[in-house]
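A look at the structure
Each chain, letter by letter, is given below.
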Amino acid sequence: MRGPEIHDRQQQPVNKEEREVAKRFITSTLAVVVALAAMITLLISSTAAEAHDIKVGAIIAETGPAAFLGKPEAKTLQMLTDQINAAGGINGDKIELILKDSGGKKENAVSFAKQLIEEDKVFAILGPSRSGSTMAIKNIMEESKTILISCASTKKIVDPVAKHVFKTPQNDSLAVRMIFMEMQKKGISKIAVVVGGTGFGKMGNMFLNELAPEYGITVLENETYSPKATDLSAVVAKLMANKEIQAVVNWSIVPAQVILAKNMRQAGWDVPLFLSHGFGNIKYVQTGGAALEGVLFPAGRLLIADSLPADHPQKEVLVTYKNDYESKFNEPVSTFGGHAYDALMILVNAIKAVGGKQDTAMVVDAIENMTFVGTGGVFKFSPEDHSGLKIDAFEMMTVKDGKFAKAM
Amino acid sequence: MDQVRRIIPVVFLIVFIVAVQLATKYTGTPFYLTQLTMSAYYSLVVVGLCVLMGYAGQISIGHAGFFAIGGYISAALTTHNLLELKDNAFVSLLNKYGVLVLREDLYGETLLTVHPWYACLLAIMTAVIIAFVIGGPVLKLKGHYLAMATLGFGIIIYQIVMATEYFGEADGISEVPSFNILPGIELGGGFEIRVVNYYIAWGLVVFGIIILQNLIHSRVGRALRSIHGSEEAANAMGIHTSRYKLYTFVLSAAFAAIAGVFLTHYNGSIGPSEAGVMKSVRYVAIVAVGGMAHLWGALIMSVILNFLSLRGVFGTYDDAVFGAILIVIMLFAPEGILGLGIFQKLKKIMSGGVSGKTPELQESKTGQKQV
C-alpha cells in the first residue's frame, strides 16, 4: 500500500513542472488566439462593402521580377477606377477595386485568387501580369465560374478556351508574322535570328524558327545573348562573316537589345534590323541614339498615338489614355499599362451592355459578342476566340529623328 | 513523465487545429482554411529546418531548393503527356505495371501521365538522394562557408528550373492534378475538399512534430546538441558527428520535399519563386523568429507569418518584411520572440507573485542581452 504513496511523492516536483509547462502553453496559446481573433475581425471589417458595388479583384505583380509589367498595370487600374467612379460608376454602381500584389509568385496568385473569389466574392479578376500565374489560376477560375481577364500573353491562356478566361495582350506569333510579311515585301529570304536570353526571347525564337518556312524564309544563324550583356561585337562579327544574311531579327525585351544595334552600325553593317514589340519603350530609343534610326519593329499603336490620322478608330482611346496617364504619373506610357486598361474596360463595357447586372453568364456572353476598341487594337471576341486581336492590332514601326513613327 | 511533458503540447496543438476548423465552420468563414493549409505545409519545412539549425547548429540557405525538387518532380511527372510515346518500350513497360494513369483534363484532352502516388514517392526519394550526395561534402564546412555552399545549392536549383523546358522555365508548371492519397481522401485544391485537405496538412505537421520531438529527446538529440555546443568536444566524446549532421540534414530535406509535393498538388501549380533565394531566407527568418532551438516557437511564428503573407496583408512589402524581421530579431532577440520571456513576465503579472524559477530565467536573459 505504501508503494504508490512513495511513488507519488517522487512525482510531485515533476508534476509541478508539468503544470508549469502546461500553464506556459496555455498562456502562449491564449496569446495566439487573441492575436488571430483580432486579425480576423480587422479583416472582416475592412472587407465590408456597400450593397451594389461591383467588386473587381486584380492580381498584379507590382514587385518582383515582373515589376516592369505590374507597376504601370496597377497605376492604370487605379487611375481608371477613380475616373469611372468619379463619373458616376457603371449605371450608378461604383467599382470597388481590390488590388493584390502577387510579387510575380504563382503560390501567391493561387492564394489571392481563392481569397478574392470566396471571401471578397468579387465579380471578376483582372491580371495576373505573368503567364505562369495566369495558368496557375486558370482552372480555379473556370471551376468557380468567375471571370478572369488576364494581362499575360501566352497562347495557352485561351487555348484550350475556358469559358470564363480571356486575355488582352496580342499573341507573340502575330508579331512574328508581321515581321515576315514585311520581309516578303522587301524581298528578304535569308535571315539571322538573335534573341535575348529571357522567357520572352525564347518564345520569340521558337515562333521565328517555326513560322519562317511558311513565308519562304530561311533562318541561317541562331544566337542568344545574355540579358546583362554590355558588348555584343563578337556576335556581330560572327554574323557579318556570313555574307548571305539579308536581315537580322533581334527579338528581346531587355535593354541589351540596343547594344546589338549599336555594335552592328559601329561595324558598318547596314542590313535591315528588325526588332520585336519588346522594343516599344522610348527609353531604349534614347539610349540607342542614331544607331536605331530606321530599325523596323511591330507594336501596338499606343506608341504613335499622337501621329495617328484623326479618323483612325483607336485614335481617341489612345490619345486620352496616353495624356491621362502621362499627366497623372509624369512618366511615359507603356503598352503594358494598356493591357490593364483594356482588361478593365472590356469588363466595364460588358457589364454596361447587360444593363449593369452582375450576372456572370450574361457578362461572359456579352464579352464573347463584343467589339471593343482598346489600346491594344480592335478586339473582336467570339466563343472560340477569347483573345480577340488579329494581326491588324500591330503596326510596323520605325525610329525617325529619335521618335517612334509608322514605317512607310 | 518526460513523455507526458512532451505529449501535452501535441494534444494542445491537435485540439487547437480542430477548434480552428470548427470555429471557421460555425462563423461561416471556411475560406481561412485555404491559407491555413498552405501555411501548414510551409511550417513543415520550417520545423525540419529548425531541428537542423537550432539543434544540430547547421545553417541551410538552400531549403527552398529541396522544396522545389519535391514539388517540381511530382508536378512534371503528373502533367507531361506521355500519350505520344505510348509505343516506346520503356513507357509501355511502365504502363504495363500500372505506373502510368490515363486521365482527362478539364478541357476534354486525354493525358497519359505517371500516377501521382509514384510521382510523389519518386520526388521525395530524389530529394533525399540529392541531400545525401551534397550533404556529405557540404556539411564538412562551417559557419559562413556552410551558409555560402547551401546558398549556392539553392541558386543552382533555381537556375535549373528557370532554364529547363521540362520544368516550364519562367512559367513553372500548372494544371497539376489532385489525386486520392488514400482511398476516399483526395489531395487537391478544390473548394469542396478543403476541410479534408486542412486535416491532411495539419496531420502531417503533427506527425512531423512528434517525430522531431522524439528525435530531439533521444540519444541522437543529445548528440546533436553537443555538436551545436562544440563539435570538437562531441567528437572527442566518441560521437560520430559527421554522420549525425548528415542524417539531420537529410531528414530536414525530406520534410521540405514532402511539403513541396503536397503543396504543389494542393495549389495545382508550382513556379520558380518556390525555389528562389528569398524563399530560403524566409524559412531561415522564421526559424530565427521562433527561437532557433524552439520547435513550438518556430511552428507558431511560421503559421502566423505565412498566414498573413499569403493573405497579402504585407502588400508590396512582403519580402521586405521578412528581411526586416530577420535583422531585428538578430539584433534584439537572438533567442527568438519566445526567448524574450514575454510569457514569463505576463505570467508574473497575472499571478501577482514570483514563482521560484521565473526570476532566475529572466535574469539570465537580461544578462545575455547586456553582453
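Every value quoted in this text rests on a predicted model; they were computed, and no experiment measured them. (Residues numbered from 1 in each chain as written. Chains lettered and ligands numbered in written order. Predicted model: local features only at pLDDT ≥ 70, side-chain atom pairs only at ≥ 80, totals over all residues. Heavy atoms only, no water.)

**Quick notes on the overall build of chain B**
Worth spelling out the cut-off: Counting from the N terminus, the helices are the DSSP runs of H or I reaching at least four residues and the strands are the DSSP runs of E reaching at least two. Taken over C-alpha atoms, the radius of gyration is set against a globule rule of 2.2 Å times the number of residues to the power 0.38. Partly exposed residues are those whose accessible area sits between 20% and 50% of the maximum for their type, while under 20% is buried and over 50% is exposed, using a 1.4 Å probe and protein chains only. Contacts are assigned to residue pairs that have any heavy atoms within 4.5 Å of one another. Per-residue and other accessible areas follow the Shrake-Rupley method at a 1.4 Å probe size, with only the shown protein chains counted as cover for residues.
Along the backbone of chain B there are 15 helices and four strands. Rg of the C-alpha trace for chain B: 22 Å, near the compact-globule value of 21 Å for 371 residues, within the 12% margin. If you line up chain B on its principal axes, its C-alpha atoms span 75 × 55 × 45 Å. Taking all 371 residues of chain B together, 52% fall into the buried category. Restricting the contact set of chain B to residue pairs at least 6 apart, pairs at least 24 apart contribute 75%. With the model as given, the accessible surface of chain B reaches about 16,500 Å², and the carbon-plus-sulfur share is 68%.

**Description of the confidence of the model for chain A**
Going by this rule: Values of pLDDT, which run from 0 to 100, indicate the predictor's confidence residue by residue.
Confidence in the prediction of chain A, expressed as mean pLDDT, is 87, and 88% of residues score 70 or more. Scored below 50 in pLDDT, residues 1–12 of chain A makes one contact in the model with residues more than four places away or belonging to other chains.

**Digging into the packing of aromatic side chains**
How we decide: Geometry of aromatic contacts follows a simple scheme: Phe, Tyr and Trp rings, the Trp one being its six-membered ring, pair when their centres are within 6.5 Å, and the pair is stacked under 30 degrees between planes, edge-to-face over 60, tilted otherwise. Criterion for a charge above a ring: Arg CZ or Lys NZ at most 6 Å from the ring centre, at most 35 degrees from the ring normal.
Here the structure, examined in full by the defined rule, presents 25 aromatic pairs over all chains. Look at Tyr321 of chain A and Tyr325 of chain A: their rings are 5.9 Å apart centre to centre, the planes differ by 55 degrees, and that puts the pair in the tilted class. Placement of both Tyr321 of chain A and Tyr325 of chain A in helix 10 (residues 315–329) is noted, with a separation of four residues, approximately one turn of the helix. With respect to class, Tyr321 of chain A is no different from Tyr325 of chain A; both count as buried. Through a chain of ring-to-ring contacts, the aromatic side chains of Phe166, Phe372, Phe379 and Phe381 of chain A assemble into a single cluster. Above the plane of the ring of Tyr266 of chain B lies Lys114 of chain A, whose end atom (NZ or CZ) is 4.4 Å from the centre. For Lys138 of chain A, the ring lying beneath its charged end belongs to Tyr107 of chain B, and the centroid distance is 4.6 Å.

**Re the domain arrangement of chain B**
Put simply, the rule reads: Residue ranges assigned to the domains are those given by an automatic or database domain assignment.
Each assigned domain of chain B is listed with its residue range as follows: domain 1 (2–335) and domain 2 (341–371). Centre-to-centre, using C-alpha coordinates, domain 1 of chain B lies 35 Å away from domain 2 of chain B.

**Observations regarding the pairing of strand 7 (residues 218–225) of chain A**
Residue and element names in this part refer to chain A. For clarity, the cut-off: Two strands pair if DSSP finds at least two bridges between them. With the strands pointing away from the viewer, any crossover whose connection runs clockwise from the first strand over the helix to the second is right-handed.
Two elements, strand 6 (residues 190–196) and strand 7, share seven bridges in a ladder whose sense is parallel. In the strand pairing of strand 7, Gly196 is matched with Tyr225. Traced from strand 6 through helix 6 (residues 199–211) to strand 7, the parallel crossover comes out right-handed.

**Some remarks on the pattern of salt bridges**
In plain terms, the rule: Here a salt bridge means any side-chain nitrogen of Lys or Arg lying within 4 Å of a carboxyl oxygen belonging to Asp or Glu.
One pass over the structure, following the stated rule, counts 21 salt bridges over all chains. The partner of Glu274 of chain B in a salt bridge is Lys279 of chain B, and the shortest N-O contact between them spans 3.3 Å. One exposure class covers both Glu274 of chain B and Lys279 of chain B, and it is buried. Close ionic contact of Asp319 of chain B with Arg282 of chain B constitutes a salt bridge, the shortest N to O distance being 3.3 Å. Here Asp319 of chain B is found in helix 13 (residues 318–332), whereas its partner Arg282 of chain B is found in helix 11 (residues 277–290), with 37 residues between them in sequence. A single salt-bridge network, built from bridges that share partners, covers Lys105 of chain A together with Arg282, Asp318 and Asp319 of chain B.

**Details of the domain arrangement of chain A**
Residues and elements named next belong to chain A. Stated formally: By definition, the buried area sums, over both parts, the 1.4 Å-probe accessible area that each loses when the two are put together. In protein, a polar contact requires one atom able to donate a hydrogen and another able to accept it; more generally it is a pair of N or O atoms within 3.5 Å, and residues adjacent in sequence count only if both atoms are side-chain atoms. Classification convention: Asp, Glu, Lys, Arg as charged; Ala, Val, Leu, Ile, Met, Phe, Trp, Tyr, Cys, Pro as nonpolar; all other residues, Gly among them, as polar.
The domain architecture assigned to chain A consists of domain 1 (54–170 + 315–390) and domain 2 (173–299). Here the C-alpha centroids of domain 1 and domain 2 sit 31 Å apart. Facing the six residues of domain 1 at the interface are four residues of domain 2. Across the domain 1 to domain 2 interface the summed buried area is about 460 Å²; carbon plus sulfur atoms make up 76%. Counting every contact that joins domain 1 to domain 2 gives zero residue pairs in polar contact (both at pLDDT 80 or more). Its residues placed into classes, the side of domain 1 that touches domain 2 shows four nonpolar, one polar and one charged.

**Quick notes on the side chain of Glu107 of chain A**
Here Glu107 of chain A lies in helix 3 (residues 106–119). Its relative accessible area of 3% is what places Glu107 of chain A among the buried residues. With residues near it in sequence (within four places) discarded, Glu107 of chain A still touches Met38, Tyr42, Asn267, Ser273, Glu274 and Lys279 of chain B.

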